[in-house]
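# Survey of secondary and tertiary structure
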Amino acid sequence: VNGQININPVTNLNAGYMIAVGNPEAEFRLNYLPDRILNQINGNGSLTFSYRISGNDEEDQATSEPLDLENRNLRFNEEGRYYIWVGGIIDLSNAAPGSYEGDFTIEIDYI
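Described below are features of the structure shown in this document. (Residues numbered from 1 in each chain as written. Predicted model: local features only at pLDDT ≥ 70, side-chain atom pairs only at ≥ 80, totals over all residues. Heavy atoms only, no water.)

### Focus: the pairing of strand β4 (residues 35-40)
Bridge count between β4 and strand β5 (residues 46-56): five bridges; the pairing is antiparallel. Looking at the pairing, I37 lines up with T48 of β5. Turn length for the β4-β5 hairpin, with the two strands adjacent in sequence and antiparallel, is five residues. Note that β4 and strand β9 (residues 100-101) share two bridges and pair antiparallel. Bridge pairing in β9 places Q40 opposite Y100. (Pairing = 2+ DSSP bridges. Helix = DSSP H or I, 4+ residues; strand = E, 2+ residues; numbered from the N terminus.)

### What about the packing of aromatic side chains?
A full pass over the atoms with the stated rule returns eight aromatic pairs. Each ring, one from Y17 and one from Y83, has its centre 6.5 Å from the other, and the planes form 5 degrees; the classification is stacked. Within this pair, whereas Y17 is found in strand β2 (residues 16-21), its partner Y83 is found in strand β8 (residues 81-91), the two being separated by 66 residues in sequence. Taking the relative accessible area as the measure of exposure, Y17 reaches 38% and is therefore partly exposed. For Y83, a relative accessible area of 7% translates into the label buried. Taken together, F28, F76, Y82 and Y110 form an aromatic cluster joined through their ring pairs. (Phe/Tyr/Trp six-rings, centres within 6.5 Å; stacked < 30°, edge-to-face > 60°. Buried < 20%, exposed > 50% of the residue type's maximum accessible area, 1.4 Å probe, protein only.)

### Some points on the environment of S64
Its location among the elements puts S64 in the loop between β5 and β6 (65-67). Here the alpha-carbon distance between S64 and E107, two residues 43 residues apart in the chain, equals 19 Å. Separated by 2.8 Å, the side chains of S64 and S54 make a polar contact. (Polar contact = N/O pair within 3.5 Å; in protein donor to acceptor, adjacent residues only side chain to side chain.)

### Structural notes on the pairing of β5
Most of β5 sits out of view: eight of its eleven residues are buried. Both β5 and β8 contribute to a ladder of eight bridges, which runs antiparallel. Pairing of G55 across the sheet is with I84, part of β8. Of the pairings in the sheet, the one linking β5 to β6 comprises three bridges and is antiparallel in character. Pairing of I53 across the sheet is with L67, part of β6.

### A few points about the pattern of salt bridges
Two side chains carrying opposite charge are able to pair once their charged atoms lie near each other. This structure, assessed with the given rule, holds two salt bridges. R75 serves as the salt-bridge partner of E27, at 2.8 Å between the closest nitrogen and oxygen. Taken together, the residues span a long stretch of sequence, with E27 in strand β3 (residues 27-32) and R75 in strand β7 (residues 74-75) at a distance of 48 residues. The exposure class of E27 is partly exposed, given its relative accessible area of 28%. Between E65 and R72 there is a salt bridge, with the nearest N and O atoms lying 3.2 Å from each other. (Salt bridge = Lys/Arg side-chain N within 4 Å of Asp/Glu carboxyl O.)

Written as structure tokens, this is what we have:
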């Protein structure tokens with residue numbers, strides 16, 4: 001819409017999906033850089049991707065909670081799992097045609 005792609009991690013089935021595995025019922029915090037530069041593979045173009053993530057101790061995207069960088073404690077479920085969905089917003093209005101690539105890292109800090 002209007003030159004932007006918006007993938008909502010709670011509602012969009014195209015969101016990325018990850019499972020963090022740790023000690024059952026252990027508390028942790030997630031940390032990530034919300035804005036990353038994606039570089040054009042065969043060219044000099046770049047785009048900024050603003051990541052948005054949501055998480056849930058149940059494997060249910062629709063009831064997952066958006067996770068901001070607020071140093072909030074989370075908890076693995078009784079099986080030692082925590083489910084994460086990754087989406088975001090990217091502005092394509094000034095993008096050069098081509099393929100782009102970049103990295104996204106989530107850090108898990110045990111408490």
